[in-house]
Amino acid sequence: MATVQRPASSSDSDPRYANVDERKRKRMLSNRESARRSRVRKQKQLEDLVNEVSALQKDNGQLSEKINIATQRYMEMENANNVLRAQAVELTERLRSLNSVLHIVEEVSGFAVDIPEIPDPLMKPWHLPCPIQPIMASADMFEC
């Protein structure tokens, strides 16, 4: 492929070619500066994204830890509730046994004995025959 070459002496002496060369040189410098700014901007964007990823990974780790702690506390409370339910069943059975003794005493002695009704706390815990007492709680008992 043939290239058209201008004689070097003609561009140096002809003001038209000098003006074109000067514009070309300015455009090249402008393009270089624009490309440099673009590279700097992209590098800054990349650094910002890397920093954001690091921050999000840190937050994610903290949230995972809080979830693990909350899950562990939930399991502890669930176990404690199971123990309390078992104790309630055992105490209810003891009360039934004592009530049966009272029935026998009532039949044998002929005296009227006040035998309390046995509630089923596991079926309707909101109907328990106990005085209403406020449940004291603080905000820090729910923190993870």
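Residues numbered from 1 in each chain as written. Predicted model: local features only at pLDDT ≥ 70, side-chain atom pairs only at ≥ 80, totals over all residues. Heavy atoms only, no water.

Trainee: Please set out the overall build of the protein residue by residue, giving values where relevant.
Mentor: Counting its secondary structure elements, the protein contains two helices and zero strands. By residue count, 3% of the 144 residues in the protein fall in the buried class. Here the contacts in the protein between residues at least 6 apart in sequence split such that 32% fall between residues at least 24 apart. (Helix = DSSP H or I, 4+ residues; strand = E, 2+ residues; numbered from the N terminus. Buried < 20%, exposed > 50% of the residue type's maximum accessible area, 1.4 Å probe, protein only. Contact = heavy atoms within 4.5 Å.)

Trainee: How would you sum up the side chain of N99? Please name residues and give values.
Mentor: As for its position among the elements, N99 is in helix α2 (residues 15-109). You can call N99 buried: its relative accessible area is 6%. Sequence-distant contacts of N99, defined by excluding residues within four places in its chain, comprise I115, P116 and I118.

Trainee: Give a description of the pattern of salt bridges that names residues and reports values.
Mentor: In total, this model carries six salt bridges according to the counting rule given. The shortest N-O distance in the salt bridge between R25 and E22 comes to 2.5 Å. Separated by three residues within a single helix, R25 and E22 lie in helix α2, roughly one turn from each other. Given the relative accessible area of 41%, R25 is considered partly exposed. For E22, a relative accessible area of 31% gives the class partly exposed. (Salt bridge = Lys/Arg side-chain N within 4 Å of Asp/Glu carboxyl O.)

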